[in-house]
Amino acid sequence: MSLATLATALSALGILVTGMLALTFLRDPAKGMAQTTHRLADLPKVMADRYVAFTALAVAATLYRDLKVIAFLFAVFAFMAFADAWIYLQGGHAIVKHLIAGIAAALVCAVALAALFQTGAAS
């Protein structure tokens, strides 16, 4: 087995583990918190780590200059922002900042996709 194949297999395993955690959080958030040993009191610190990681991903995608990666990454960012807006809307909280973030991320995605189609690199 080549190292490239091993890396891809390990990445697939990471998808499975992360996907299972996502399902756990969707079905039973308290169980998800317990399973991951996250603490509600530390949520602001955890969010800071997440935003640093999101920034690093955006920097890498931008420096790599792959429009497919940029489009996908910012589609994911838009999903997260719109999902957060939906959660806060259901709780009766302000959603404008999350909507703005979602629209901005969706715009980056749309421009990257338009550039891909314009150059014929979308296939």
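In this text, all values refer to a predicted model and were calculated from it rather than measured experimentally.

Some points on the nonpolar core
Okay, step 1: Among the nonpolar cores identified, the biggest contains 11 residues, and these are Ala58, Ala61, Ile70, Ala71, Leu73, Phe74, Phe77, Ala78, Ala105, Cys109 and Ala112.
Okay, step 2: Of all the secondary-structure elements, those providing two or more residues to this core are α3 (43-64), α4 (67-90) and α5 (96-119).
Okay, step 3: Examining the composition of this core, we find that six residues originate from one element, α4, more than from any other.
Okay, step 4: Here Phe77 is in contact with Phe54, Ala58 and Ala105, once residues within four sequence places are set aside.

Observations regarding the packing of α3 against α4
Okay, step 1: Put simply, α3 and α4 touch, their axes get as near as 9 Å, and they point 155 degrees apart. It follows from the interaxial angle that α3 and α4 lie roughly antiparallel. Regarding α3 and α4, the two cross each other, and that crossing is left-handed. Residue-level contacts link Phe54, Leu57, Ala58, Ala61 and Thr62 of α3 to Val69, Ile70, Leu73, Phe74, Phe77 and Met80 of α4.
Okay, step 2: Partitioning the contact of α3 with α4 into residue classes produces 10 nonpolar, one polar and no charged.

Regarding the layout of surface pockets
Okay, step 1: Taken as a whole, the largest pocket encloses approximately 1800 Å³ of empty space.
Okay, step 2: Lining the largest pocket are 32 residues, and of these Met47, Arg50, Met80, Asp84 and Ile87 sit closest to its centre.
Okay, step 3: The set of elements that each furnish at least two residues to the lining of the largest pocket consists of α1 (3-27), α2 (29-36), α3, α4 and α5.
Okay, step 4: In this structure, the second largest pocket encloses a volume near 170 Å³.
Okay, step 5: Phe54, Leu57, Ala60, Ala61, Val69, Phe72, Leu73, Val76, Phe77 and Met80 are the residues that line the second largest pocket.
Okay, step 6: Of all the secondary-structure elements, those providing two or more residues to the lining of the second largest pocket are α3 and α4.
Okay, step 7: With six residues, α4 is the single largest residue contributor to the lining of the second largest pocket.
Okay, step 8: Among the residues forming the lining of the second largest pocket, the class breakdown is 10 nonpolar, no polar and no charged.

Procedures and definitions
- Residues numbered from 1 in each chain as written.
- Predicted model: local features only at pLDDT ≥ 70, side-chain atom pairs only at ≥ 80, totals over all residues.
- Heavy atoms only, no water.
- Core = buried A, V, L, I, M, F, W, Y, C linked by side-chain atoms within 4.5 Å.
- Buried < 20%, exposed > 50% of the residue type's maximum accessible area, 1.4 Å probe, protein only.
- Helix = DSSP H or I, 4+ residues; strand = E, 2+ residues; numbered from the N terminus.
- Contact = heavy atoms within 4.5 Å.
- Axes fitted to C-alpha atoms, helices over the stretch in contact; angles between N-to-C directions.
- Parallel < 35°, antiparallel > 145°, perpendicular 65-115°, else oblique.
- Left-handed = near helix turned anticlockwise from the far one by under 90°.
- Nonpolar A, V, L, I, M, F, W, Y, C, P; charged D, E, K, R; others polar.
- 1 Å grid on protein atoms, 1.4 Å probe; cavity = no way out; pocket = protein on both sides within 12 Å on 5 of 7 lines; lining within 4 Å.
- Points joined across faces, edges and corners; volume = space filled by probe spheres on them.

These figures come from the coordinates and say nothing about function on their own.
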